[in-house]
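Structural overview for review
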Amino acid sequence: MALDRSVSRRRLLQFAGGATVATALGGALAACGGSSGGTSSGGTLKVIGVGDQEPGLRKVLGSYKAAHSGFDFNLSFAPADQVQTALRTQLAGGNAPDVHVVYPGSGSAMSMVQLSKAGLLADLSGQSWTQKVPAGFKGAFQNDGKTYIFSPGSSMLGAIYNKKAFATAGVEPPTTWSELLAVCEKLKQKGIVPIALGAQTPWITQLIPYALVPGTVYAKTPDFDDKMSAGQASFADSGWVDAMNKYLELQKKGYFNDNPNGTTYEQATSMVATGKAAMAVQVSAVLSAFRAAATTPDDLSMFPFPSTDVAADNWIPAGVVVGIAVSAKSKKADEAKSFVEYCGQQDNLNAWAEAVSCVPLYGDAKVDPALTSFLPLLKANKAVPFMDQRWPNAEVQPTHFAVVQQLLGGKTTVQDALKKMDDAYKKGA
């Protein structure tokens, strides 16, 4: 999922954008960024990322600097809405950073496919790590057979939950939709918000549908994306209807916090971290942010969010996490590519993956214990990429954000919402 978000100390997996003016980027970076500790100079590699990359990107940049005499870097972080607009403008103007954030697949304006088609990314295909990318993930890394993005692995999407809140209500992580509703009701009766939803932050709106449609759509129609691409399927005539209705069912039963459209991601994170809310549907890449906000970090874990009453049909979304690329117009392209190749070495990839709680792209490595319950589903091939990674253009995702906010606000219907998404999809690449 190419996840718009505001910036906090522990910023999140960025899936999509909003709208802003291009000139705002410099000020935002000065406000939210960081650096290696030195000042920018002619020999310094300029790197711009998004917040969820910070723990891993800083770690690998730091170890690369320690191993390479004379290397220095200037590292900053941008909010997703400005990444989607201002950074894209910088790329087109030839004054982009040497290394910068890029989203996997094709579903956003800063996605690998959209940028590589525009000739804005350097080809990384000659690097040895590119030969280890699993076949099922190549669409997230490659365009026309060439690799343009590095990512440390795949992020799980499920429910981050507060174990103390669950214990207070006497409940365990559910494995079916009916069990989920029963758990939510018991939590509600104990005065605990069952599910924190910060839908004022646009990218949050997509997460519950993304958690539900693997079961309501892909478990029954694994080739749904191919059918969509061929014009043989649609959002409005598929299991997306069931997923959206279940989204609204959670709201109608009072299982969200009051006024989700007026609640931010940061507020929802705090609610779960403090136990005011029991869970939030989220990606594992932000688990560290939830833990950082908690008094007892070990109180927070994750489980797959069920969507059906047939346990075997409760598939999961597992998407390649936001990555980095080299600007095609970088004057330090060789040095930038050298750093990316360093990231692809197994130990460095593992270090980044561990820092952002994702499953490493290749090789065997330990994963965060919170992800243990997801691993059997990955092994059983019951995982699908985040939905937007197969969407043909950068218009479907913001349409999705907008219609979900309208649904939560009672301003549209499920059928009308999905028709708008179909209309955006039909605009093609």
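Conventions we followed
- Residues numbered from 1 in each chain as written.
- Predicted model: local features only at pLDDT ≥ 70, side-chain atom pairs only at ≥ 80, totals over all residues.
- Heavy atoms only, no water.
- Helix = DSSP H or I, 4+ residues; strand = E, 2+ residues; numbered from the N terminus.
- Buried < 20%, exposed > 50% of the residue type's maximum accessible area, 1.4 Å probe, protein only.
- Areas by Shrake-Rupley, 256 points an atom, 1.4 Å probe, with all protein chains shown as cover.
- Right-handed = clockwise from strand over helix to strand, strands pointing away.
- Pairing = 2+ DSSP bridges.
- Expected span 1.5 Å × (residues − 1).
- Arc of directions from axis to C-beta.
- Contact = heavy atoms within 4.5 Å.
- Salt bridge = Lys/Arg side-chain N within 4 Å of Asp/Glu carboxyl O.
- pLDDT = per-residue confidence, 0-100.
- Axes fitted to C-alpha atoms, helices over the stretch in contact; angles between N-to-C directions.
- Polar contact = N/O pair within 3.5 Å; in protein donor to acceptor, adjacent residues only side chain to side chain.

Before going further, it helps to spend a moment on the overall build of the chain. When you go through the chain residue by residue, the secondary structure sums to 17 helices and 13 strands. Of all 429 residues assigned to the chain, the portion counted as buried reaches 59%. Accessible surface, the chain: about 15,800 Å² in total, of which carbon and sulfur atoms supply 49%.

Our next topic: the pairing of strand S1 (residues 44–49). Counting buried positions along S1 yields five of six residues, so the element is predominantly enclosed. Read from S1 through helix H2 (residues 54–67) to strand S2 (residues 72–77), the crossover connection turns out right-handed. Sheet topology places S1 next to strand S3 (residues 99–102); two bridges connect them, and they run parallel. Across the sheet, the residue bridging to Val47 is Val99, located in S3.

This part covers the pairing of strand S9 (residues 300–303). Taking every second residue as pointing to the same face, both faces of S9 are buried, with Leu300 and Met302 on one and Ser301 and Phe303 on the other. With four bridges connecting them, strand S6 (residues 153–162) and S9 associate as antiparallel partners. When the sheet's bridge partners are listed, Asn162 is paired in S9 with Leu300.

Our next topic: helix H7 (residues 177–189). The first and last C-alpha atoms of H7 sit 19 Å apart over 13 residues, in line with the 18 Å expected at 1.5 Å per residue. Within the sequence span of H7, burial applies to Trp177, Leu180, Leu181, Val183, Cys184 and Leu187. Across the axial projection of H7, the buried residues extend over an arc of 160°, all falling on one side. Residues of H7 that are buried make contact with helix H6 (163–169), strand S7 (193–195), helix H8 (207–218), helix H10 (240–252) and strand S8 (277–283). In the segment just after H7, Gly191 is the residue with positive phi, at about 80°.

Okay, helix H17 (residues 414–425) next. The α-helix advances 3.6 residues per turn, and as a result positions three or four apart in sequence lie on the same side. Taking 1.5 Å of rise per residue, twelve residues should cover 16 Å, and H17 covers 16 Å from first to last C-alpha, within 8% of that figure. Considering only its buried residues, H17 is in contact with helix H9 (224–229), H10 and helix H16 (396–408).

This part covers unusual backbone geometry. Phi is positive for Ser357, which is not a glycine, with a value near 50°. Along the chain, the position of Ser357 falls in the loop between helix H14 (346–355) and strand S12 (359–360). Accessibility expressed as a relative area gives 4% for Ser357, which makes it buried. A positive phi is found at Asn381, a non-glycine position, where the angle reads about 60°. Inspection of the secondary structure assignment puts Asn381 in the loop between helix H15 (375–379) and strand S13 (383–384).

Proximity of charged atoms lets side chains of opposite charge pair with each other. Summed over all chains, the structure comprises nine salt bridges. A salt bridge links Asp223 to Lys227, with the shortest nitrogen-to-oxygen separation between them at 3.8 Å. Its relative accessible area of 34% is what places Asp223 among the partly exposed residues. Ionic pairing is found between Glu395 and Lys427, a salt bridge with its closest N-O pair at 2.9 Å. Of the two residues, Glu395 is situated in the loop between S13 and H16 and Lys427 in the segment after H17; the sequence distance between them amounts to 32 residues. Glu395 gets classed as partly exposed once you look at its relative accessible area, which sits at 38%. Residue class for Lys427 comes out exposed when judged on its relative accessible area of 56%.

What follows deals with the confidence of the model for the chain. Across the chain, pLDDT averages 87, with 89% of residues at or above 70. Scored below 50 in pLDDT, residues 2–42 makes 133 contacts in the model with residues more than four places away or belonging to other chains.

The next subject is the sheet that holds S1. Read across the sheet, four strands follow the order S2-S1-S3-S11 without closing on themselves; strand pairing throughout is mixed. Since the sheet does not close on itself, it has two edges, and those belong to S2 and strand S11 (323–326), each with one partner. Geometrically, the sheet is characterised by an average inter-axis angle of 25° between neighbouring strands, direction not taken into account. Packing of helix H13 (residues 333–343) onto the sheet brings it into contact with S1, S3 and S11, and relative to S11 it is tilted by some 150°.

To continue, consider the side chain of Ser116. Examined against the element boundaries, Ser116 turns out to sit in helix H4 (residues 112–117). In this structure Ser116 comes out as buried when scored by relative accessible area, which is 9%. In terms of polar contacts, Ser116 uses its side chain to reach the backbone carbonyl oxygen of Val113, at 3.2 Å. Engagement of the side chain of Ser116 in a polar contact is seen with the side chain of Asn143, the distance being 3.0 Å. Beyond its immediate stretch of four places on either side in the chain, Ser116 contacts Leu121, Asn143 and Tyr148.

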